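Tertiary structure, described
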Amino acid sequence: MSKITFFKPFISDKRKQHLSIVFTNQDGFEALSKKLDKHTQALCLERGFVGKSKQVIVVRDQNGNAQSVLAGVTKDVHYTEGSALYKKLSREFSKDMLDKISFEFEIGALKKDQLERLHAGWGWAAYRFDVYKKDTDKKKVPALLLSQDVDHKRVEALVESVCLIRDLVNTPANDMGPDELEDAAKMFTSHHNVSLKVIKDKALLTKNFPMIFDVGRASDRRPRLLDFTWGNAKHPKVTLVGKGVCFDTGGLDLKPSEYMITMKKDMGGSAHVLGLAHMIISLNLPVRLRVLIPAVENSIDGNAYRPSDVLRSRKGISVEVGNTDAEGRLVLADAITYACEEKPELLIDFATLTGAARVALGHDLPALFSNDGDMAYGIQKQSATNEVQDAVWNLPLWKPYREELNSTIADINSTGGKAGATAAALFLQEFVAEDIEWIHMDVFAWEVNGRTGRPKGGADTGMRAIFAFLEKRYGK
Ligand code: BES
Ligand code: ZN
Ligand code: ZN
């Protein structure tokens with residue numbers, strides 16, 4: 001039913017009627033006010049407009065025609081201020097008017113990065129997931145004419161990447177199984193002119209991905225590994241691995257309903273690596289990128305893998321299954337082993353891996369683990385800056401806890417220990433070659449309550465933080 005595309009409807013350059021939006025903060029309002037005509041000054045006074053964050057007024061002539069818009073922002077300029085503005089303007093204007101006008105931001109005293117955040121926030125607020133609803137064309141969409149003062153490619157990539165993650169995660173599992181996730185990857189690779197390799201079903205066994213096969217074998221929707229590469233072979237190799245569990249029932253260790261209900265989002269890691277790849281490719285970061293997605297459904301059947309089974313992994317390590325609901329780490333382990341075989345300089349995985357990471361950090365803060373502590377701390381620090389505004393938090397890859405994963409009959413147990421997120425990360429580390437820098441992101445991929453510019457449902461968590469880090473490390 002649903003078809004994944006890149007999100008664009010908030011951008012318009014074809015309309016004749018333009019309306020400019022002038023931004024001010026509280027400190028700058030006095031100076032701005034002096035330049036305004038008497039009528040506008042009076043309007044500001046009457047409405048109490050002083051340039052406070054998220055204040056908006058539409059200036060109209062005697063006939064009621066809109067002349068311009070004044071909008072208050074903080075000094076830092078937050079993404080959400082672009083989103084809040086979008087929302088306010090949707091209320092201020094009729095659908096007929098909105099279909100005729102393009103809004104345009106005036107750079108004024110703003111810096112380029114601040115203007116960029118306002119554009120991106122606007123685009124994120126325009127997102128709708130309404131493919132399953134009727135009457136969608138009645139929705140109001142304030143359209144934006146991208147400013148000459150921002151990098152259009154960058155703004156578009158930011159909005160498209162975030163909305164791609166949302167679309168992929170929001171699409172229910174009946175329309176987003178391993179087949180459809182492959183279709184989405186195919187759409188992505190065709191868009192970027194690269195080819196997609198797929199290793200599917202029994203070929204996973206002959207090509208030696210036994211754990212991807214075992215986790216996915218109980219589902220009619222056959223397991224597979226998606227694999228593509230982009231960029232100049234001479235550039236540093238960066239590989240992204242994303243957990244693509246299209247639905248996680250828990251397997252024979254079946255999840256109770258209250259936990260299963262959100263498990264369409266268990267392919268959120270794969271959505272994140274596609275979003276991140278879209279940023280990297282669109283902005284032409286000088287890296288040789290590879291993306292690996294083990295796409296499976298963790299289902300039940302007479303043929304399902306069982307708790308206490310001992311699985312053989314691609315790496316040759318035998319794994320005792322502690323719990324069939326800890327399936328993500330198994331499929332990631334084979335993909336990570338494969339990734340390391342071509343010795344990338346940097347390996348990054350994204351996964352909705354543990355409930356324990358949420359107990360530690362809540363919904364909004366992704367847990368970041370790395371075998372390079374300085375790098376991890378650097379990413380954490382950068383993620384909270386004004387430029388990024390996508391905080392992530394480093395958790396310990398605490399070696400002494402490795403023994404809690406000891407198995408009496410196999411090389412390792414897939415579960416064990418109290419610190420669940422660390423245990424999962426330590427399990428994955430067993431499959432990472434020692435000389436490879438590795439970042440593991442345990443993410444939620446979901447917005448629980450819904451906020452301005454961030455609707456309830458599938459959400460990006462840490463994707464932009466990692467992009468900012470990559471851009472700093474490899475950018476021009
Ligand atoms: N997909 C879940 C983790 C998850 C649950 C992420 C809820 C976000 C929200 C994962 O496959 C899982 O079920 N993990 C188990 C591991 C346990 C059995 C060791 C968990 O976290 O409970
Ligand atoms: Zn699970
Ligand atoms: Zn899972």
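To be clear, the structure that these remarks concern was listed above.
Quick summary incoming for the structure in this document. (Residues numbered from 1 in each chain as written. Chains lettered and ligands numbered in written order. Predicted model: local features only at pLDDT ≥ 70, side-chain atom pairs only at ≥ 80, totals over all residues. Heavy atoms only, no water.)

Comments concerning the overall build of the protein chain
When helices and strands are tallied, the protein chain shows 16 helices and 19 strands. For a compact globule of 476 residues, the expected C-alpha radius of gyration is about 23 Å, and the protein chain comes in at 24 Å, within 12% of that figure. When its C-alpha atoms are laid out on the principal axes, the protein chain stretches across 85 × 50 × 45 Å. Of all 476 residues assigned to the protein chain, the portion counted as buried reaches 58%. Taken as two groups, the 65 positive and 63 negative side-chain charges of the protein chain have centres that lie 4 Å from each other. (Helix = DSSP H or I, 4+ residues; strand = E, 2+ residues; numbered from the N terminus. Rg over C-alpha atoms; globule rule 2.2 N^0.38 Å. Buried < 20%, exposed > 50% of the residue type's maximum accessible area, 1.4 Å probe, protein only. Lys, Arg positive; Asp, Glu negative; His and termini not counted. Charge placed at Lys NZ, Arg CZ, Asp CG, Glu CD.)

Some words on the pattern of salt bridges
Inspection of every chain in the model, using the stated rule, returns 28 salt bridges. Glu 471 is paired through a salt bridge with Arg 154; the nearest N and O atoms lie 2.8 Å apart. Of this pair, Glu 471 sits in helix α16 (residues 463-474) while Arg 154 is found in helix α6 (residues 152-170), placing the two residues 317 residues apart along the sequence. Given a relative accessible area of 25%, Glu 471 falls into the partly exposed group. (Salt bridge = Lys/Arg side-chain N within 4 Å of Asp/Glu carboxyl O.)

Side note on the nonpolar core
One finds Phe 103 and Leu 470 to be the most contacted residues of the largest nonpolar core, which totals 95 residues. At ten residues, α6 tops the list of elements feeding residues into this core. Ignoring any residue separated from it by four or fewer positions in sequence, one finds Phe 103 in contact with Leu 19, Ile 21, Val 69, Leu 89, Phe 93, Leu 98, Trp 122, Pro 142, Ala 143, Leu 144 and Leu 145. Tyr 305, Ile 317, Phe 369 and Leu 397 belong to the second largest nonpolar core, which has 48 residues in total. (Core = buried A, V, L, I, M, F, W, Y, C linked by side-chain atoms within 4.5 Å. Contact = heavy atoms within 4.5 Å.)

Here's the deal with the coordination of the zinc ion (ligand 3)
Every protein donor of the zinc ion (ligand 3) is listed here as Lys 243 (NZ), Asp 248 (OD), Asp 266 (OD) and Glu 327 (OE), and their distances to the metal cover 1.9 to 2.4 Å. Each of the six donor atoms around the zinc ion (ligand 3) contributes to a set of angles spanning 76 to 174 degrees, which defines the coordination as octahedral. Here the donor residues for the zinc ion (ligand 3) map to a single chain with the spacing K-x4-D-x17-D-x60-E. Here the zinc ion (ligand 3) and the zinc ion (ligand 2) are spaced 3.2 Å apart, and both take Asp 248 as a donor. Within this pair, whereas Lys 243 is found in the loop between β8 (237-242) and β9 (244-248), its partner Asp 266 is found in the loop between α10 (257-260) and α11 (268-282), the two being separated by 23 residues in sequence. Note on accessibility: Lys 243 and Asp 266 belong to one class, buried. (Donors = N, O, S within 2.8 Å, 3.2 Å for Na, K, Ca; no water. Tetrahedral: all angles 85-135°; square planar, octahedral: opposite > 155°, others 65-115°.)

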